[in-house]
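Each chain, written out:
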Amino acid sequence: MKLKLDIDPDIVAMMQAEVAAGERAVTAAMREAGTGLKAAWRLQVTGAGLGTRLANTIRSQTFPKAGESLDAAALVWSQAPVIVGAHDTGPLIRSKDGFWLAIPLPAAGKSLRGGRITPGEWERRRGLRLRFVYRRTGPSLLVAEGRLNTKGQAVVSRSKTGRGRVTAPIFLLLPQVKLPKRLDLARDADRALDSVPGLIVATWVGERY
């Protein structure tokens, strides 16, 4: 007994069209989910008061970069993963050398390199020596003898009479600091993942009507 199978060209064309529609739907869904997650993460960063500069490090990319595929995927990441990750996990930060973390106070001013100024840089720039002050009931301090300028920063006093001279706290010394958790990136990632099936169906069915 012989069986002969004739495939209707119209059915083949319909199957090919359906596969193509599926590729477009999956790729479009992943692109929308990735773009939406990027926007949600950026909104979290700015909403936490971390600034638009850090928010703009959140990027997204859909794969394949060109064309459509049933295996399309979206990648969302930060170009500053250490900073963003720290605010997402709220880690416990300790000094690298096992001693103190020097937290600059308002009288310390800013670093010329950006970020927080260190005791060594502060002494070189101000021309003043820092003095350690131990406190039993609170964090110890690094202080300097000088005067406060109009910005509230400690500088060398030129007064011969000692007028305006103060002992200014420059750094707060702590053995460790618990960074508060200010982001919840997993929450938005889960929402984006849950939205993918609905996005695929909506796009796929939408092409038919």
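The coordinates are above.
Residues numbered from 1 in each chain as written. Predicted model: local features only at pLDDT ≥ 70, side-chain atom pairs only at ≥ 80, totals over all residues. Heavy atoms only, no water.

Student: I would appreciate a short explanation of helix 4 (residues 119-126) in the present structure.
Tutor: Quick reminder: α-helices carry 3.6 residues per turn. Residues three or four places apart thus point the same way. Here helix 4 has its buried residues at Glu-121, Trp-122 and Arg-126. Buried positions in helix 4, seen along its axis, are confined to an arc of 110° and lie on one side of it. Elements in contact with the buried residues of helix 4: strand 6 (140-148), strand 7 (154-155) and strand 8 (166-174). Once helix 4 finishes, Gly-127 follows within two positions and takes phi at roughly 70°, a positive value. (Buried < 20%, exposed > 50% of the residue type's maximum accessible area, 1.4 Å probe, protein only. Helix = DSSP H or I, 4+ residues; strand = E, 2+ residues; numbered from the N terminus. Arc of directions from axis to C-beta. Contact = heavy atoms within 4.5 Å.)

Student: Sorry, what's going on with the nonpolar core here?
Tutor: When a protein is soluble and globular, its nonpolar side chains tend to lie buried together. Counting residues in each nonpolar core, the largest one holds 14 residues, and the members touching the most others are Trp-41, Val-45, Leu-50, Leu-54 and Leu-183. Elements that contribute at least two residues to this core include exactly helix 1 (9-47), helix 2 (52-55) and helix 5 (185-206). In terms of residue count, the dominant contributor to this core is helix 1 (three residues). Aside from chain neighbours lying at most four places away, what touches Leu-50 is Val-45, His-87, Arg-182 and Leu-183. (Core = buried A, V, L, I, M, F, W, Y, C linked by side-chain atoms within 4.5 Å.)

Student: Looking at this structure, I do not really get the pattern of salt bridges. What am I missing?
Tutor: When the charged atoms of two side chains lie near each other, side chains of opposite charge can form a pair. Tallying each qualifying case throughout the model produces six salt bridges. Salt-bridge contacts for Arg-125 lead to Glu-121; the nearest nitrogen and oxygen are separated by 3.8 Å. Taken together, the positions of Arg-125 and Glu-121, both in helix 4 and four residues apart, correspond to about one turn of that helix. Across the pair Arg-187 and Asp-188 runs a salt bridge whose closest N-O atoms are separated by 3.5 Å. Each member of the salt-bridge network shares a partner with another, and the members are Arg-187, Asp-188 and Arg-191. (Salt bridge = Lys/Arg side-chain N within 4 Å of Asp/Glu carboxyl O.)

Student: Before we go on, may I ask you to explain the packing of aromatic side chains in this structure?
Tutor: One pair of aromatic rings is described through two measures. These are the centre distance and the angle between the planes. Under the defined criterion, the tally for this structure stands at one aromatic pair. Considering the side-chain rings of Trp-100 and Phe-132, the 6.5 Å spacing of their centres and the 45° angle between planes classify their relative orientation as tilted. Taken together, the positions of Trp-100 in the loop between strand 3 (92-94) and strand 4 (101-104) and Phe-132 in strand 5 (residues 131-133) put the pair 32 residues apart, joining distant regions of the chain. What makes Trp-100 partly exposed here is its relative accessible area of 40%. (Phe/Tyr/Trp six-rings, centres within 6.5 Å; stacked < 30°, edge-to-face > 60°.)

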